[in-house]
Amino acid sequence: MSETSVDTQQAPAATGEDVVRKPTVIVDDVHITYRVYATGKAAHGEGRKLFKRSPNIRRLREVHAVRGVSFTAYEGEAIGVIGHNGSGKSTLLRAIAGLLPPAKGDIWSDSHPTLLGVNAAMVNELSGERNIILGGLALGLTPDEVAERYQSIVDFADIGNFIDLPMRTYSAGMQARLRFAIAASVSHRVLLVDEALAVGDKAFQQRSEERILQLRAEAGTVFLVSHSMSSVLETCGRALWIDHGLLKMDGPAADVVAAYEASV
Amino acid sequence: MTTAPPDSPTAQETARQWGLSHLGGRPPLRAYLTELWQRRHFALELARSRFRAKNEADRLGVGWIVLGPLINAAVYGVVFGVVLVSSARPDSYVPFLITGVFLFQFFAGSLADGARSIIANRGLVTTLHFPRAVLPFSVVYQQLLNQLWMVLALLLLVTTSGYFPTVNWLLVAPTLALMTLFNLGVAFVAARLTIHLRDIAQLIPFVTRMFFYLSGVFVSMPALLHGRPGWALQVAEANPIYNYITLMRVSLLGEKAVFAVPGHPDQFFPYDPVKTWLLAVAWGVGMLVVGFLFFWRAEDEYGRE
């Protein structure tokens, strides 16, 4: 199933440098575990006894979310990451963003990838305006660069008069739009989009899909986690299917989506 | 053509060949400092925005920054100046007490907010990559902004109490600067400890309260410990918070007002300015270096959970 990616990677050796693709992200046998404070007993497992006082109460539980994933992403690729809820897609993306260190394995990248997720709050008690400035600075822009881009971010997010109000007064869709607009204002070498497109309305979804294609054209690499197969097919050429923390399939988006849909 | 994952045997070589850098883990110290410097605008803006947001909500705004500690000082003034009158109460009590309370607030605020700096910014930490040291730094900077307002009020209050500006007032600046370094170190340590053990956050109020009583905020330490073994005062004087409060008092009120024996305005406790300043520098620089290194060593753990 990984033959396709091997073909495309090795083919250039015969021809010339214009076909050689530069890898932007290499993920090599990555395992990710994270710790959670679990209250109560495990839902299943042989050690479960109803009336015995369980020693499991309030123990630190390790979740093995990603279990040995390897792949290489190249310049100009848009890669859809699909799989059922809890399969480890978002965890994998956070590791690629450098936010969650792998327990085992390595990740290399040519720049620090930027993660764009729905759950990520910015600073909710501050206005949209302050958040744009803060977000831009956090992404590494200088104050002048932020000022330059400010208006286009506001236009892209399309939140009108709410720009002066604290972000906690925004609807979920407005928050997601603003976050996307801020992150998309910078040309990222590697952009990781986690479900962000699902939140906005139709018009915004279209704008953001356009922006993703544009970023891809600027020789970046875009990862898109989505449950919307149509947006994966529209924006991505390649797809990864993650199943229970393992890479089940890696290949052209159309093939992977077809196989995934057949399995559900 | 193989069916094995395309790069697994040579992933590292491929990465090196294309100049890709390894992600995750703790960056080298020098790179970390460079990155921190690049995000300085972010740290300052975060502090300024929070400062503004916090004060816009209240009608009195910035006024509360000064009014809060002032009311606090008034309460202590009543308790320790009227109800529980101590023989260790200096004669010029009001400016003595207000200086102590205001400066203590700088420490207490940095400790409490520093401990929460990573947890309170989860949204930022889980989405954006930036050196996490930005967060404790920004918290202490916000506290410094508060403190500058307080110092302004302090200068006014001290003047109205009859202590007029002298050249020594210039020493307020280095005192605040050194205390800021110290508080930064404290915030770094507290931020990391809280990540490892949430329960630490519950203990902060007690730590603060303990230092409040040990730092001579409302009492003259030499007078309080008069007649005790000599080491007791030496231990008390080694306390950095007492040290900074003392420097601030001496700068504003003069050595005589601070170290006069209560009830005997012509007798004075000994005061060694050189030793006090050296200690202030050692605590400030030492705490910052230790705190920063301690914080940096766990850089890759702040995004977990």
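In this text, all values refer to a predicted model and were calculated from it rather than measured experimentally.

Here is what the cut-offs are and how they apply
- Residues numbered from 1 in each chain as written.
- Chains lettered and ligands numbered in written order.
- Predicted model: local features only at pLDDT ≥ 70, side-chain atom pairs only at ≥ 80, totals over all residues.
- pLDDT = per-residue confidence, 0-100.
- Helix = DSSP H or I, 4+ residues; strand = E, 2+ residues; numbered from the N terminus.
- Buried ≥ 20, exposed ≤ 12 C-beta atoms within 10 Å, placed from the backbone.
- Expected span 1.5 Å × (residues − 1).
- Contact = placed C-beta atoms within 7 Å.
- Axes fitted to C-alpha atoms, helices over the stretch in contact; angles between N-to-C directions.
- Parallel < 35°, antiparallel > 145°, perpendicular 65-115°, else oblique.
- Left-handed = near helix turned anticlockwise from the far one by under 90°.
- Nonpolar A, V, L, I, M, F, W, Y, C, P; charged D, E, K, R; others polar.
- Pairing = 2+ DSSP bridges.
- Core = buried A, V, L, I, M, F, W, Y, C linked by C-beta atoms within 7 Å.

### Focus: the confidence of the model for chain B
Residues and elements named next belong to chain B.
No. 1: When the pLDDT values of chain B are averaged, the result is 85; 94% of them are 70 or greater.
No. 2: Across chain B, helix 14 (residues 273-296) holds the top mean pLDDT of 95, while helix 6 (residues 122-127) sits lowest at 76.
No. 3: Prediction confidence for the complex, expressed as pTM and ipTM, is 0.80 and 0.72 respectively.

### Focus on unusual backbone geometry
Residue and element names in this part refer to chain A.
No. 1: Positive phi, normally seen in glycine, also occurs at Asp-158, with a value near 55 degrees.
No. 2: Its place among the elements puts Asp-158 in the loop between helix 4 (143-157) and helix 5 (172-184).
No. 3: Residue classification places Asp-158 among the partly exposed residues on the basis of 16 C-beta atoms within 10 Å.
No. 4: In the Ramachandran plot, His-244 falls in the positive-phi region, its phi being about 50 degrees despite a non-glycine side chain.
No. 5: Within the secondary structure, His-244 is located in the loop between strand 8 (238-243) and strand 9 (246-252).

### A short note on helix 9 (residues 200-214) of chain B
No. 1: The first and last C-alpha atoms of helix 9 of chain B sit 21 Å apart over 15 residues, in line with the 21 Å expected at 1.5 Å per residue.
No. 2: Gly216(B), located one to two residues past helix 9 of chain B, shows a positive phi value of around 60 degrees.

### Some details on the environment of Val27(A)
No. 1: For Val27(A), the position within the fold is in strand 1 (residues 23-38).
No. 2: Beyond its immediate sequence surroundings of up to four residues, Val27(A) is in contact with Val69(A), Ser70(A), Phe71(A), Ile96(A) and Ile107(A).

### Some details on the packing of helix 8 (residues 172-196) of chain B against helix 14 of chain B
Residue and element names in this part refer to chain B.
No. 1: Closest axis-to-axis distance for the helix 8/helix 14 pair is 7 Å, and the angle between their directions is 30 degrees. One finds that helix 8 runs roughly parallel with respect to helix 14. In this structure, helix 8 meets helix 14 at a crossing whose hand is left-handed. Contacts between helix 8 and helix 14 involve Leu-178, Met-179, Leu-181, Phe-182, Leu-184, Gly-185, Val-186, Phe-188, Val-189, Ala-191 and Arg-192 on the former and, on the latter, Ala-280, Val-281, Trp-283, Gly-284, Val-285, Met-287, Leu-288, Val-290, Gly-291, Phe-292, Phe-294 and Phe-295.
No. 2: Residues of the contact of helix 8 with helix 14, tallied by class, amount to 19 nonpolar, 3 polar and 1 charged.

### Description of the pairing of strand 3 (residues 264-268) of chain B
All names here are of chain B.
No. 1: Of all 5 residues in strand 3, 0 are buried, a share of ten percent or less.
No. 2: Summarising the sheet, strand 2 (residues 260-261) and strand 3 pair through 2 bridges and their orientation is antiparallel. Paired with Val-261 across the strands is His-264, a residue of strand 3.
No. 3: Between strand 2 and the antiparallel strand that follows it, strand 3, lie 2 residues; Gly-263 among them carries a positive phi value of about 85 degrees.

### Brief notes about the nonpolar core
Most often, soluble globular proteins have nonpolar side chains that are buried together.
No. 1: By size, the foremost hydrophobic cluster in this structure holds 150 residues, and its most contacted members are Ile96(A), Leu192(A), Phe223(A), Leu224(A) and Ala239(A).
No. 2: Those residues in contact with Ile96(A), other than ones at most four positions away along the chain, are Val25(A), Val27(A), Ile107(A), Pro113(A), Leu192(A) and Phe223(A).

### Observations concerning the packing of helix 7 (residues 134-160) of chain B against helix 8 of chain B
The packing of two helices is summarised by the inter-axis angle and the distance between the axes.
Residue and element names in this part refer to chain B.
No. 1: In contact at an axis separation of 9 Å, helix 7 and helix 8 are set at 145 degrees when each is read in the N-to-C sense. Crossing handedness for the pair helix 7 and helix 8: right-handed. Listed contacts from helix 8 to Leu-135, Pro-136, Phe-137, Val-139, Val-140, Gln-143, Leu-144, Gln-147 and Val-151 of helix 7 are Val-172, Leu-176, Thr-180, Asn-183, Leu-184, Ala-187, Phe-188 and Ala-191.
No. 2: Taken together, the residues of the contact of helix 7 with helix 8 break down into 13 nonpolar, 4 polar and no charged.

### Points about the environment of Ser228(A)
No. 1: Checked against the element boundaries, Ser228(A) lands in the loop between strand 7 (221-225) and helix 7 (229-235).
No. 2: With 16 C-beta atoms counted inside 10 Å, the residue Ser228(A) sits in the partly exposed group.

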